[in-house]
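Results of the structural survey
The chain contents come next:
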Amino acid sequence: MPGRIAVSEGAAAVWQTATLTEIRRETPRATTFRLAVPEWAGHLPGQHLMLRLTAEDGYAAQRHYSIASAPDDSGHIELTLDHVPDGEVSTWFHTVARPGDTVEVRGPVSGFFAWPGDRPALLLGAGSGVVPLMSMVRHHRARGLTVPLRLLVSARSPQELIYAAELGAETTPVFTRSAPRGVPVGRMAAAHVAPLLTEPPEGGWEAYVCGSNAFAEHASRLLVAAGQPVDRIRIERFG
Amino acid sequence: MNVTRGFTGRPRVHRPGLPPGQYDAGDDWPVLSAEVTPDLGPGDWSFRIDGLVERPHTWDWDAAHALPASAYDGDIHCVTGWSKFGVRFGGVSLDAFFDVVRPHGSATHAVAYSHTGYTTNLPLADLTGGRAWIAWEYGGGPLPAEHGGPARLLVPHLYFWKSAKWIAGITLLDHDEPGFWERNGYHARGNPWDEQRYSGDRDGDSDCD
Ligand SMILES: Cc1cc2nc3c(=O)[nH]c(=O)nc-3n(C[C@H](O)[C@H](O)[C@H](O)COP(=O)(O)OP(=O)(O)OC[C@H]3O[C@@H](n4cnc5c(N)ncnc54)[C@H](O)[C@@H]3O)c2cc1C
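Residues numbered from 1 in each chain as written. Chains lettered and ligands numbered in written order. Predicted model: local features only at pLDDT ≥ 70, side-chain atom pairs only at ≥ 80, totals over all residues. Heavy atoms only, no water.

Where an unreviewed UniProt entry is consulted, chain B appears under the name Sulfite oxidase-like oxidoreductase, with the organism given as Streptomyces dangxiongensis.

As annotated in an unreviewed UniProt entry, chain A carries the name Oxidoreductase and is attributed to Streptomyces dangxiongensis. Its UniProt record gives chain A the following Cofactor (unreviewed entry) comment, quoted word for word: "FAD". (UniProt positions renumbered as here; feature names shortened; annotations may be inferred.)

Digging into the overall build of chain B
Per the secondary structure count, chain B includes three helices and eleven strands. From first element to last, N terminus to C terminus, chain B shows the α and β order β-β-β-α-β-β-α-β-β-β-β-β-β-α. For chain B, the C-alpha radius of gyration of 17 Å lies close to 17 Å, the compact-globule estimate for 209 residues. Principal-axis analysis of the C-alpha atoms gives chain B an extent of 60 × 35 × 30 Å. Looking at chain B as a whole, 54% of its 209 residues are labelled buried. Sequence-distant contacts in chain B: of pairs separated by 6 or more residues, those separated by 24 or more amount to 65%. By element, 52% of the accessible surface of chain B is carried by carbon and sulfur atoms, the whole surface being about 8600 Å². (Helix = DSSP H or I, 4+ residues; strand = E, 2+ residues; numbered from the N terminus. Rg over C-alpha atoms; globule rule 2.2 N^0.38 Å. Buried < 20%, exposed > 50% of the residue type's maximum accessible area, 1.4 Å probe, protein only. Contact = heavy atoms within 4.5 Å. Areas by Shrake-Rupley, 256 points an atom, 1.4 Å probe, with all protein chains shown as cover.)

Some details on the site of the ligand
Residues and elements named next belong to chain A. The ligand sits among 22 residues. The nearest are Arg63, His64, Tyr65, Val89 and Ser90. At a separation of 3.1 Å, a nitrogen atom of the ligand approaches a polar backbone atom of Ser66. Between the ligand and Glu88, the relevant distance is 2.8 Å, taken from an oxygen atom to a main-chain nitrogen or oxygen of the residue. Across the complex, the protein chains shield 75% of the 960 Å² of accessible surface that the ligand would expose by itself. Elements with a minimum of two residues in the shell around the ligand: strand S4 (60-66), strand S5 (76-82), helix H1 (88-95) and strand S11 (233-237). Looking at the shell around the ligand element by element, the count peaks at four residues for S4. In the shell around the ligand, the residues fall into eight nonpolar, seven polar and seven charged. In terms of domain composition, the shell around the ligand takes at least three residues from each of domain 1 (14-108) and domain 2 (121-238). (Near = heavy atom within 4 Å. Polar contact = N/O pair within 3.5 Å; in protein donor to acceptor, adjacent residues only side chain to side chain. Nonpolar A, V, L, I, M, F, W, Y, C, P; charged D, E, K, R; others polar. Domains from an automatic or database assignment.)

Some details on the sheet that holds S11(A)
All names here are of chain A. As summarised here, the arrangement of the five strands in space is S9-S8-S7-S10-S11, forming an open sheet in which the pairing is parallel. Each having just a single partner strand, strand S9 (171-175) and S11 make up the two edges of the open sheet. Neighbouring strand axes in the sheet, compared pairwise and without regard to direction, differ in orientation by 10 degrees on average. Relative to S11, strand S10 (residues 206-211) is paired through five bridges, and the arrangement is parallel. Counterpart to Cys210 in the pairing with S11 is Glu236. Together, strand S7 (121-126), strand S8 (149-155) and S10 form the strand contacts of helix H2 (residues 130-142), whose direction differs from that of S8 by roughly 150 degrees. Relative to S8, helix H3 (residues 190-198) is tilted by about 175 degrees, and along the sheet it contacts S7, S8 and S9. (Pairing = 2+ DSSP bridges. Axes fitted to C-alpha atoms, helices over the stretch in contact; angles between N-to-C directions.)

Below, the structure is given as structure tokens:
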């Protein structure tokens, strides 16, 4: 399996108060939440954090969320949450949260899925699985990196494609339920992956796969079938 | 305590056996693995114990199945927050394997490794005394590949990342050596009752242990 990327580990142990500063609707189901985290230790694109909400009686719910924003020194980070029906934490964010509210975060945690911007990156995501990949795309742009980067992203429809307006030439969207005129409908297939692997960049791709377990299994098998070495595939499963 | 405005959470039913910060996943069994699920059949599988032992030994599928069968009925807990109640795994107790290799008195820790290269560290005491298994059955059927089949390590009293999928072997050492997730910021031991999730979380052992 791929080697590790060293990240600061001390930061993961401490809960910090984060203040919601901005809420941006992305799609009918997904919303971006901007948080001020003054003591944020920094992160690498692809990392996630742990988030905690606490009720009056002390009951607390904790969930993992990938960081959507690129590393910067603004003292803010962004998360993008899907609204999971009946979901305890995501429903609070989508129906109660407003600027000024505070939550607690801990992290970043785990450096395994991180991409420091060093190697060519082939990114495959579905649904909210695009979130950590977008942090990589944003980092690539913000730093003006020239290392090759490609994003294949699967969404049900153009309306449900998160960050649609921000995606550029590096991105190939795949639509599974409905697509614009002239664009085929169907799930990610060998035909999407094979061309990128027949002519890999020098040094080969570091592949990052993120989404539901079903998508992760499917996409990682496509990569292996197309010749991507298994030890250069990193997978983040949202459950 | 940092109360979140307007957050009430789900109605709370006290569930005995649920460690702090965990929720009951019910029938779900989420898959958490940073790797590609390998194509590994029983014919490709083997399991080795070496390091600080008197007689290092490797078992193939049939030899491992010839050891006395043993089952685990109970709960499992994943560091990402879900717990699963009343699961049944079938396999062989690790004690049966250790009886063959005979650990040296100097062995204190173990590194478990998988056929894919995943590693995780454990105190030897967490693997002995009927608390750990090599498991190849789940709920009466073969263990599914994405959950570590054909065979995985099972250490149900610790967070589930310690229960290495696609287990290939265990090396006994006289010191602790962090494994894959432990080098990526996770706790060295991972006791769910003490919420030992990340490095920096407290090390003390609770009585429920
Ligand atoms: C590393 C990682 C990164 C992630 N990043 C993101 C991200 O960037 N964006 C994102 O949107 N998600 C992300 N997730 C998923 C996220 O952690 C949550 O799982 C998701 O937001 C749902 O949480 P929730 O509290 O809203 O739903 P939950 O309350 O956990 O519910 C999830 C489902 O289980 C059912 N359920 C669970 N418990 C109960 C119960 N006690 N009673 C009844 N029903 C129950 C619910 O009905 C629902 O269908 C990530 C996950 C991981 C592991």
